[in-house]
Amino acid sequence: MPKIKLRNREFEEINDDCTSYLGQNLYAISRVETVFISLETEYIDVWIVIPKRDVQIMEQIFEVDKEIVGKFSLTKRSPLFFDFHVVYRDGSDEKELVSDKAVLLPKRYVK
């Protein structure tokens, strides 16, 4: 990811930690197909693509979302703000369902 300033602070180290954590924890949910992120001035947009609406998958995603917010938003070091979007692909091309600014978070974080 490029070096980005967030609230006039260097964001690279936090960005690396955050994207690794997002990738490890969201891709660990078996039905998550892809994760896209875009880095805005004051927040991170996260699109989580799943095959279709499934309450059990969504509950798992929401638990991870809470962990992410707790780890990265509620810190004195540099509070980050997240906007999470769960997207149901339902046979569509996932790139049509997310922002043009969003980039694919690679699955290399999966262990």
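Here, the structure is the one placed above.
Residues numbered from 1 in each chain as written. Predicted model: local features only at pLDDT ≥ 70, side-chain atom pairs only at ≥ 80, totals over all residues. Heavy atoms only, no water.

### Some words on the overall build of the chain
Here is step 1 of the chain: Across its full length, the chain holds two helices and six strands.
Here is step 2 of the chain: Starting at the N terminus and ending at the C terminus, the chain contains elements arranged as β-β-α-β-β-α-β-β.
Here is step 3 of the chain: Per-residue burial for the chain yields a buried fraction of 42% across its 111 residues.
Here is step 4 of the chain: For the chain, the proportion of contacts with a sequence separation of at least 24, taken over those separated by at least 6, is 66%.
Here is step 5 of the chain: Of the accessible surface of the chain, which amounts to about 6,700 Å², a share of 47% is contributed by carbon and sulfur atoms. (Helix = DSSP H or I, 4+ residues; strand = E, 2+ residues; numbered from the N terminus. Buried < 20%, exposed > 50% of the residue type's maximum accessible area, 1.4 Å probe, protein only. Contact = heavy atoms within 4.5 Å. Areas by Shrake-Rupley, 256 points an atom, 1.4 Å probe, with all protein chains shown as cover.)

### Focus: the pattern of salt bridges
Here is step 1 of the chain: What the rule picks out here adds up to two salt bridges.
Here is step 2 of the chain: In this structure, Glu 33 engages Arg 89 in a salt bridge whose closest nitrogen and oxygen atoms are separated by 2.5 Å. Residue Glu 33 is located in the loop between helix H1 (12-26) and strand E3 (34-39), and its partner Arg 89 is located in the loop between strand E5 (82-88) and strand E6 (103-105); the two are separated by 56 residues in the primary sequence.
Here is step 3 of the chain: Here Arg 89 falls in the partly exposed class, since its relative accessible area comes to 23%.
Here is step 4 of the chain: Linking Glu 63 and Lys 66 is a salt bridge whose minimum nitrogen-to-oxygen distance equals 3.2 Å. Of this pair, Glu 63 and Lys 66 both sit in helix H2 (residues 55-73), three residues apart, which is roughly one turn of that helix.
Here is step 5 of the chain: On the basis of relative accessibility, which here comes to 56%, the residue Lys 66 falls in the exposed class. (Salt bridge = Lys/Arg side-chain N within 4 Å of Asp/Glu carboxyl O.)

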